[in-house]
Each structure stands twice: as structure tokens, then as C-alpha cells.
Amino acid sequence: MRTTGPLFHGTTDGEKLMKEKHTPRNLGRTTRAIHVGGLKEPVFGEVSVPIFQSSTFSFPSAHDGAERFSGRQEGFIYTRLSNPTVAALEENVTAMEEGYRGMATASGMAAITTLLLSTLNQGDHVVATDSLYGTTRVLLENELPRFGIHGTFVDTSRLVFIETPTNPTMILTDIRQAAEIAHAHGAIVAVDNTFASPFLQRPLHWGADVVVSSLTKYINGHSDVVGGMIVTAAPDLYKQIKRLLCLMGGTMDPHQAWLILRGARTLPLRMERAQKNALRLATFLKNHPKVTWVRYPGLPEHPQHELAKRQMDGFGAMLCFGVKNGLEGGVMVMNSVRLITLAVSLGGVESLIEHPASMTHSSVPREEREQAGISDDLVRLSVGCEDPEDLEEDLDQALNRIP
Ligand SMILES: *Cc1c(COP(=O)(O)O)cnc(C)c1O
């Protein structure tokens, strides 16, 4: 069986059909979000990219089919390999990340799984941020060991996997420093850029080799669809990962891509509004009598405020804080909010609140939770785009119910 070549070439050349409206790097980030990613030739002059809801694409002749598979001819073949609507989204996010090329995946976890399985071999080790997105941690700790891949801190590591800022503790990693150390040891550096989004942080610029993100969160921004993306800095890694993605099939559906591209157009606007709200709420919470501490990279008290200023173009809209009365205090706030929605996930236009100790991490023993920085009193808030007065009022009445 042919394992390299055709699968890959067939897809990449199809994507060349996509239009490059301008040279993305010369455009501002907001303009890029709005304009990059579309068809080379609109069919009816349409402004929005159509949904190409087709699993397969016809060849003009048997000869053309052969040419497309060999990579000598541009053109789409089959949606698991590539699809025009999906390619438009890939182009858009890649321009935002300032990477070489991107590949959309069915979910954020599909992006992470594909990255890990395409870059690691039996006996390899992964060095990862300790407070990782829960499901990524489960994958590294419980699933990959079955294939002889372990997540321990050893010199022979093949992959360094960074999440910055971390979920839910809002701790940062210096990407440039980590990349220098990792590269000196021959390891690939991957960054999960979900929390900041490419509008506020471009890890490839700081030396990372690949970025993964959950498009479910900020890039889509409307809490209505799940998706993921992998963007690499260079062609070789792109080929390596894309090959496995096409083989394993965790690709994105065109309708999903269309919805996410619609969301991506307003990422800069939503992010600007949400982070403005977040700074205001962080300051409000800091002065609230029922709040014991606040961690937001935009506050000068954040231990890595200087790093955040250097590495990010804004402080984002995620924050966490501690409430009086620990576990009970947290539960009280969860049950008392009226406008802010009690739900996991993040990055939507609506504010979402979560209490890890009683919800997402309730099955983790308290000692382990504390070790990962998830104290009983920690409340996580994904600040949305509402009027800030309304959010303040809601938090105030909920906090005041803590005895
Ligand atoms: C949500 C999330 C993921 C997983 O993404 P899905 O789209 O839910 O599969 C991975 N990393 C981070 C930081 C996340 O917040």
C-alpha cells in the first residue's frame, strides 16, 4: 500500500484553488479575519463562501483523476482529504496564526490526537504543561501509555506540549524560552492556543513548531459548533500531520466549517469587547468583600503580567478568582447567578461560569486538585460581550449570597 504521496498531494493542490485576496501578512489582524479565506472565483459574485456540501468531486476525465491523485493537477477529490469550504476556514485561521498552512479537524481534541499520533513513536516521551485541558491530560496519562508513549519529564522527549494561559488556573509559559530549550534537545514544540486565540497570541512567532486550538471556543465564538485546527510553521511537519489526519479521518465537515468561518470574521471585535469587560470585572472582583483573590493576566498583580504584556497582544477574557467559604462559597455562586450561564466551555459571546472543584474536577481527589492549582474556592469565568454593568450586577448579587 502506498502510504505517502498521493493522499497528501491530492489534497494540497486542491487547496491551491483557494483565493489569496491579498498577501495576508501585509494586512492588519482584523482585516485578515474579515477578508482572508474565500473562493478563487465566486460562482455568482456571492460575498459569503458557499457551503460545498459534497462528499466527492467529479473528474473531467480518467486522466484528470490520475493527475489530481498524483498532485500534478489542482482540484478537489474527496471531502475527507479537502473541501473548498473547509479550505477557506483553514486559510483564514492560518493567516491569523501567521503559519505555513492549517488543517481543520472535527474538534479540538481531534486536532490534539492527530498531532500526538503523527509526531510520536513508541518509546517517546512528552513533556507537557502540568495543568492541561482535562481531556488532553487523560489522553497523555491513560491512553497513550497503551502505545508505549509516556508523559514524563525526561531528556529524550520528542514533543513539548504547552498550554498558555492554562485552564483553569491562568498560568503562562514563556513560549520563546521553552522553544529554545526544547529545540536544543531536538524536540518539537506544540502550543494549545485556545485560551488566547490567534488574535492575541501567535506562538509560531515565538518559535513554536505547531499550534493546535479548539475552534469551538473563541474563533467560532457562539457556543453552537465544535471544531479544531492544526497550523504548522513549516511544510514538512504539515505533510507529516496531514497524512495521518487523512488516514484517520478526523476531518471537518463543510457545514461546520462554514459556521466557524462566519464566527471567525468577528473574532477581533468579540475579543476586544470581551477582554475590555474582563479587565473591568477583574478589577471589580478584586475589590469585592466576598472575593479572596483574582487571577487575570491583565492585572499588575498577576505573577506573569510582564510576560503576558510581552507575549500577548492583549490579556484575553478568561479569569479565575477565589471566593470566601471555599467549596460551599463556590457552589453558592454557581446556583445564584442569573444572567451569567452555569456551563463549561468558553469563548462565546455570552459569559459562562464554572466551579471546577464541584463540577469538572469533582472526581479528582482534593489533594491532586490542589497540586494542579485548582483550589476548592476557585471559580472560572469566561467573560462575554454583554454590557459590563449587567455582568457586575449579576456577580455582585451572587457573591453577596455567600454567608
Ligand atoms: C475545549 C478545549 C480543548 C478541546 O477542544 P474540543 O473542541 O472540545 O474538542 C482543548 N484545549 C483547550 C485549552 C480547550 O479549552
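Remember, it's a predicted structure, so these values are computed and weren't measured experimentally.

Criteria and cut-off values
- Residues numbered from 1 in each chain as written.
- Predicted model: local features only at pLDDT ≥ 70, side-chain atom pairs only at ≥ 80, totals over all residues.
- Heavy atoms only, no water.
- Pairing = 2+ DSSP bridges.
- Helix = DSSP H or I, 4+ residues; strand = E, 2+ residues; numbered from the N terminus.
- Axes fitted to C-alpha atoms, helices over the stretch in contact; angles between N-to-C directions.
- Contact = heavy atoms within 4.5 Å.
- Expected span 1.5 Å × (residues − 1).
- Buried < 20%, exposed > 50% of the residue type's maximum accessible area, 1.4 Å probe, protein only.
- Polar contact = N/O pair within 3.5 Å; in protein donor to acceptor, adjacent residues only side chain to side chain.
- Near = heavy atom within 4 Å.
- Nonpolar A, V, L, I, M, F, W, Y, C, P; charged D, E, K, R; others polar.
- 1 Å grid on protein atoms, 1.4 Å probe; cavity = no way out; pocket = protein on both sides within 12 Å on 5 of 7 lines; lining within 4 Å.
- Points joined across faces, edges and corners; volume = space filled by probe spheres on them.
- Lys, Arg positive; Asp, Glu negative; His and termini not counted.
- Salt bridge = Lys/Arg side-chain N within 4 Å of Asp/Glu carboxyl O.

Student: How should the sheet that holds strand E3 (residues 159–163) be read in this particular structure?
Tutor: Strands belonging to one sheet form pairs held by backbone hydrogen bonds; the direction of such a pair is parallel or antiparallel. Spatial strand order, E1-E6-E5-E4-E3-E2: six strands in an open sheet with mixed pairing. Looking along the sheet, the strands with just one partner apiece sit at the ends: strand E1 (101–105) and strand E2 (126–128). Each neighbouring strand pair of the sheet contributes to a mean axis angle of 20°, computed without reference to strand direction. Set on the sheet, helix H8 (residues 235–248) makes contact with E1, strand E4 (188–192), strand E5 (210–214) and strand E6 (228–232); between it and E1 the angle comes to about 20°.

Student: Just to check I follow, could you spell out helix H4 (residues 84–97) for this structure?
Tutor: Three or four residues apart is the spacing at which side chains of an α-helix point the same way, because the helix has 3.6 residues per turn. When the terminal C-alpha atoms of H4 are compared, their 20 Å separation across 14 residues agrees well with the 20 Å that a helix rising 1.5 Å per residue should span. The element H4 is largely enclosed, with a buried count of 14 among its 14 residues. The backbone nitrogen of Thr85 has a side-chain oxygen 2.9 Å away, supplied by the residue at the start of H4, namely Asn83. Count one or two residues on from H4 and you reach Glu98, which has phi positive near 55°.

Student: How should the site of the ligand be read in this particular structure?
Tutor: Near the ligand you find 15 residues, and of these Met109, Asp192, Ser214, Thr216 and Lys217 are the closest. One of the side-chain nitrogen or oxygen atoms of Thr216 is found 2.7 Å away from an oxygen atom of the ligand. With three residues, helix H5 (residues 108–119) is the single largest residue contributor to the shell around the ligand. Grouping the constituent residues of the shell around the ligand by class yields six nonpolar, six polar and three charged.

Student: Honestly, empty space enclosed by the protein in this entry has me stumped. Any pointers?
Tutor: Sizing a probe to match a water molecule and rolling it over the atoms shows the empty space that remains. Following the criterion strictly, the structure yields six cavities of 30 Å³ or more and no others. Considered as a void within the structure, the largest cavity measures approximately 70 Å³ in volume. Considering the residues around the largest cavity, the lining is formed by 14 residues, among which Thr79, Ser82, Val86, Glu90 and Thr251 are closest to the centre. Elements represented by at least two residues in the lining of the largest cavity include exactly H4, E1 and H8. In this structure, the second largest cavity spans a volume of roughly 40 Å³. When the residues that make up the lining of the second largest cavity are grouped by side-chain class, the tally is six nonpolar, three polar and one charged.

Student: Sorry if this is basic, but what is going on with the side chain of Arg270 here?
Tutor: With respect to the helices, strands and loops of the structure, Arg270 is situated in helix H10 (residues 267–286). For Arg270, which is buried and forms no salt bridge, the nearest opposite charge comes from Glu350, at a distance of 8.9 Å. Dropping the residues within four chain positions of it, Arg270 is found in contact with Tyr218, Ile219, Asn220, Gly221, His222, Gly263, Ala264, Gly347, Val349 and Cys385.

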